[in-house]
Amino acid sequence: MDKTPAEPRLSATILMLREAASGPPEVLMVKRHYEIDFAAGALVFPGGKASADDSRTEWDAYTDGDYGPVQQDARIAAVREAYEESGLLLARPASARGPGATLVGPDIAEKLAPHRHAVDRGEMSFLDLIREHDLVLALDSLVHFGHWITPIMMPKRFDTHFYIAPAPENQVAAHDGRETTDAVWLSAEEALAQEADGRATIIFPTRMNLKRMTMATSVSDALARFGSMDVPTVLPKPGKNDEGQACLFIPKVEGYGQTVELLSNVKV
């Protein structure tokens, strides 16, 4: 009897972008701890599973943007994970809120930084922290960029929404020391080059979205370009190529540059 596939858990990840001194934009990547059970040692974008705290109805009063239950939960998760794993905070003062309003500066981010581990461990509610400091999350600063669902044969499955967002000015990214051991700013091209020559481990979905990011020439170009594109759902399907090799097949998505990946190349 076939085994029932595991139910994928709502997850979110964020490509935080900043302008480089020259050339294409840089994206924040963090290195996963070697003892983590998923993507150990890999370079990834900040992200993770949505929590029950992310779906509390009280968030409506503390978020800018109206996206419906799934997208709101995923965007809150993306902002929270970025805060936990990098210290960057996509939020505004409640007194100066609204689409496009200025994000908080390094003073507020540093003030909330000591609470990162407590939020990560579930000892403190992210909503309560935001409310206590009279802030709102800038969910409207996120652009939906990708949507991947883990293949059905995997024991742990994730329903992951990828977002891009401009990094808050003057805030400083720093790894959390628990789930991540480094935080680096790289162009998508440089990250892919590091994987190609063995300096970095990058998992399949991350690599595909880095490839797509190479289309952007600047942060503003990325936001405009990808903000006007459809976001197809990618559910890799197992099969074999013409040579009989085990593969994963994905739909054609602009920027990915491939629809087939050898299963032997897929790192988890």
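Heads up: the structure comes first, above all this text.
What you see is a predicted model, and the numbers here were worked out from it, not measured in a lab.

(A) Summary view of the overall build of the chain. Helices and strands together make up the secondary structure of the chain, namely 7 helices and 13 strands. Computed over its C-alpha atoms, the radius of gyration of the chain comes to 18 Å, within 12% of the 18 Å expected for a compact globule of 268 residues. Dimensions of the chain, computed from C-alpha atoms along their principal axes, come out at roughly 60 × 50 × 35 Å. Residue pairs in contact within the chain that sit at least 24 positions apart in sequence constitute 67% of those at least 6 positions apart. Counting 27 positive and 39 negative side-chain charges, the chain places the centres of these two groups 4 Å from one another.

(B) Looking closely at the nonpolar core. Counting 33 residues, the largest nonpolar core has I14, M16, L89, F126 and L137 as its most contacted members. Of all the elements in the fold, those that place two or more residues in this core are strand 1 (9-18), helix 1 (68-86), helix 4 (126-132), strand 6 (135-137) and strand 8 (158-166). Top contributing element to this core by residue count: helix 1, with 7 residues. In contact with L137, not counting residues within four places along its chain, are W59, Y62, T63, D64, I76, V79, L90, A91, F126 and I130. By size, the runner-up hydrophobic cluster in this structure holds 30 residues, among which are L15, W148, V219 and M229.

(C) Highlighting the pairing of strand 11 (residues 237-240). Examined bridge by bridge, strand 11 and strand 12 (residues 246-249) share 4 bridges and lie antiparallel to one another. Bridge pairing links P238 to L248 in strand 12. As consecutive antiparallel partners, strand 11 and strand 12 are separated by 5 residues, and within that stretch G244 has a phi angle of approximately 80°, a positive value.

(D) Structural detail: the environment of V119. Relative to the helices and strands, V119 is located in helix 3 (residues 116-120). Sequence separation between V119 and Y83 is 36 residues, and the spatial gap between their C-alpha atoms is 9.3 Å. Not counting residues within four places of it along the chain, the set of residues in contact with V119 comprises R80, Y83, E84, M124, F126 and L129.

(E) Structural context of the pairing of strand 7 (residues 143-149). Buried residues dominate strand 7, accounting for 7 of its 7 residues. Note: strand 7 against strand 8, 6 bridges, orientation antiparallel. Along strand 8, the bridge assignment pairs H147 with H161.

(F) Just the side chain of S187, in detail. Looking at the secondary structure, you find S187 in strand 9 (residues 180-187). A relative accessible area of 16% places S187 in the buried class. Within the local environment of S187, its side chain forms a polar contact with the backbone nitrogen of E190, the two atoms lying 3.0 Å apart.

(G) Just the packing of helix 5 (residues 188-196) against helix 6 (residues 204-213), in detail. Relative orientation of the contacting elements helix 5 and helix 6 amounts to 140°, with a least axis distance of 8 Å. By the angle between their axes, helix 5 is oblique relative to helix 6. Note on packing geometry: the crossing formed by helix 5 with helix 6 is left-handed. Judged by residue contacts, A188, A191, L192 and E195 of helix 5 engage R207, L210, K211 and M213 from helix 6. Of the residues in the contact of helix 5 with helix 6, the class split is 5 nonpolar, no polar and 3 charged.

(H) How the structure looks around helix 7 (residues 219-227). Along helix 7, the residues that are buried comprise V219, D221, A222 and F226. The buried residues of helix 7 occupy an angular sector of 155° when the element is viewed end-on, so they sit on one face. In the core, the buried residues of helix 7 are packed alongside strand 1, strand 7, strand 8 and helix 6.

(I) Just the sheet that holds strand 13 (residues 260-262), in detail. Across the sheet, which stays open at both edges, the 3 strands sit in the order 11-12-13 with antiparallel pairing between neighbours. Edge positions in the open sheet fall to strand 11 and strand 13, since each of these has one partner strand only. Taken over all neighbouring pairs, the strand axes of this sheet differ in orientation by 35° on average, direction set aside. Across 3 bridges, the pairing between strand 12 and strand 13 is antiparallel. Each residue of the ladder has a partner; that of F249, found in strand 13, is V260.

Calculation rules
Residues numbered from 1 in each chain as written. Predicted model: local features only at pLDDT ≥ 70, side-chain atom pairs only at ≥ 80, totals over all residues. Heavy atoms only, no water. Helix = DSSP H or I, 4+ residues; strand = E, 2+ residues; numbered from the N terminus. Rg over C-alpha atoms; globule rule 2.2 N^0.38 Å. Contact = heavy atoms within 4.5 Å. Lys, Arg positive; Asp, Glu negative; His and termini not counted. Charge placed at Lys NZ, Arg CZ, Asp CG, Glu CD. Core = buried A, V, L, I, M, F, W, Y, C linked by side-chain atoms within 4.5 Å. Buried < 20%, exposed > 50% of the residue type's maximum accessible area, 1.4 Å probe, protein only. Pairing = 2+ DSSP bridges. Polar contact = N/O pair within 3.5 Å; in protein donor to acceptor, adjacent residues only side chain to side chain. Axes fitted to C-alpha atoms, helices over the stretch in contact; angles between N-to-C directions. Parallel < 35°, antiparallel > 145°, perpendicular 65-115°, else oblique. Left-handed = near helix turned anticlockwise from the far one by under 90°. Nonpolar A, V, L, I, M, F, W, Y, C, P; charged D, E, K, R; others polar. Arc of directions from axis to C-beta.

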